[in-house]
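Single-letter residue listing:
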Amino acid sequence: MADKFKDIKDRVALGVRILAYQGVFPLALGHVSEKVPGEDLICILSGGVHDRGGILENIGAAEIVVINLDGELVEGEMEPPGERFIHTEIYRSRPEIRSVVHAHPPITVALSAAGQEVLPITARAALFSPSVKIFPHHGQIDNPPIGGKVAAALGQAYALVLRGHGSVTVGESVEAACMITLTLEETARQQWIAAAFGKPQPLPAGAVDEGGRRPWHSPSFYRAAWSYYCAQLTKS
Ligand SMILES: [Zn+2]
């Protein structure tokens, strides 16, 4: 029987491979999800790849499972990830969001350990204006109440940092949510470098209104960036 989720699973698996290759899923930990249009179902990377000693660079559709908004397994042989409640609670609170990524980007996490919020210091990072908030809890987001707190802390933003733990990014597509994770880590890296020369300066508020944000926060940019990172994969 044809798998009606096949296209979504393939896209989610490709997002996982891209982010793993780019180094934001250390120890094979982290996940990408996409909401099924018109249904309260989510396609998400299964849990336990790390436990099995697997690597995310090889992930395919077979490792993507289907869960409902209560976090219960609907389809698939493997268990969903323990931190699935990041995804379920954000989809409940942000109906326009189609994809959620939870990653553990090292430089972003390092900045949070110093109490430093990632700032919109470059044009590409304008969507993070006025700053990426830090959620103060470092533990696992493994039940609905704590997932709800993460969703509330995210609010209407595109990114949130879990202090000493990882990142949460969202987008209107898998391409957008994954690319925003990479933009977050790249911005953290640039902020770290800038701090070697002086105090990193966020772009002026007037420069990050919708007009200033659009070139780097558009479906066409995310498609192009996705293609770029796909090409990086084929080189490996
Ligand atoms: Zn985590």
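Residues numbered from 1 in each chain as written. Predicted model: local features only at pLDDT ≥ 70, side-chain atom pairs only at ≥ 80, totals over all residues.

Student: Quick question: what am I supposed to make of the pairing of strand E8 (residues 166–171) here?
Tutor: Sheet faces and side chains relate simply in a regular strand, where the side chains alternate between the two faces. Counting buried positions over the six residues of E8 gives six, a clear majority of the element. With burial as the criterion, each face of E8 is covered, one bearing Gly166, Val168 and Val170 and the other bearing Ser167, Thr169 and Gly171. By the bridge criterion, five bridges tie strand E5 (residues 99–103) to E8 in an arrangement that is antiparallel. Paired with alanine 103 across the two strands is serine 167, which belongs to E8. Pairing of strand E7 (residues 159–162) with E8, which is carried by four bridges, proceeds in the antiparallel orientation. Residue pairing for E8: alanine 159 is matched across the bridge by threonine 169. (Buried ≥ 20, exposed ≤ 12 C-beta atoms within 10 Å, placed from the backbone. Helix = DSSP H or I, 4+ residues; strand = E, 2+ residues; numbered from the N terminus. Pairing = 2+ DSSP bridges.)

Student: Help me understand the environment of valine 109, please; the structure alone is not making it clear to me.
Tutor: Following the sequence through the fold, valine 109 ends up in helix H3 (residues 106–113). Using a count of 22 C-beta atoms within 10 Å as the deciding quantity, one classes valine 109 as buried. Sequence separation between valine 109 and histidine 138 is 29 residues, and the spatial gap between their C-alpha atoms is 10 Å. Excluding anything up to four places from it in sequence, valine 109 contacts His104, Gly164, His165 and Gly166. (Contact = placed C-beta atoms within 7 Å.)

Student: Can you walk me through the packing of helix H2 (residues 84–93) against helix H4 (residues 144–154) in this structure?
Tutor: Angle between the axes and distance between the axes are the two parameters that describe a pair of packed helices. Closest axis-to-axis distance for the H2/H4 pair is 8 Å, and the angle between their directions is 55°. Considering their axes alone, H2 and H4 lie oblique with respect to each other. Crossing of H2 over H4 shows right-handed handedness. Residue-level inspection shows Phe85, Ile86, Thr88, Glu89, Ile90 and Ser93 of H2 in contact with H4, the latter providing Pro144, Ile146, Gly147, Gly148, Val150, Ala151 and Leu154. Looking at the contact of H2 with H4, its residues break down into eight nonpolar, four polar and one charged. (Axes fitted to C-alpha atoms, helices over the stretch in contact; angles between N-to-C directions. Parallel < 35°, antiparallel > 145°, perpendicular 65-115°, else oblique. Left-handed = near helix turned anticlockwise from the far one by under 90°. Nonpolar A, V, L, I, M, F, W, Y, C, P; charged D, E, K, R; others polar.)

Student: Which parts of the structure should I look at to understand the nonpolar core?
Tutor: Within soluble globular proteins, side chains that are nonpolar generally end up buried alongside one another. Counting 63 residues, the largest nonpolar core has Val12, Val16, Leu19 and Cys178 as the members making the most contacts within it. Residue contributions to this core peak at nine residues, all from helix H5 (residues 174–195). Discounting residues that sit within four places of it in the chain, leucine 19 has contacts with Val24, Phe25, Gly30, Val32, Val101, Ala103, Cys178 and Thr181. (Core = buried A, V, L, I, M, F, W, Y, C linked by C-beta atoms within 7 Å.)

Student: I'm lost on the packing of helix H1 (residues 6–21) against H5 in this one. Help?
Tutor: The contact between H1 and H5 brings their axes to 10 Å, and the two run at 15°. Relative to H5, the element H1 lies roughly parallel. Crossing hand, H1 versus H5: right-handed. Contacts from Arg11, Val12, Gly15, Ile18 and Leu19 in H1 reach Val174, Cys178 and Thr181 in H5. Classifying every residue of the contact of H1 with H5 by side-chain character gives five nonpolar, two polar and one charged.

Student: Sorry, what's going on with the pairing of strand E1 (residues 31–35) here?
Tutor: Burial analysis of E1 places five of its five residues in the buried class, which makes it a mostly covered element. Covered by surrounding structure in E1 are His31, Ser33 and Lys35 together with Val32 and Glu34, the residues of both alternating faces. Both E1 and E5 contribute to a ladder of four bridges, which runs antiparallel. Each bridged residue has a counterpart across the sheet, and for valine 32 the counterpart in E5 is valine 101.

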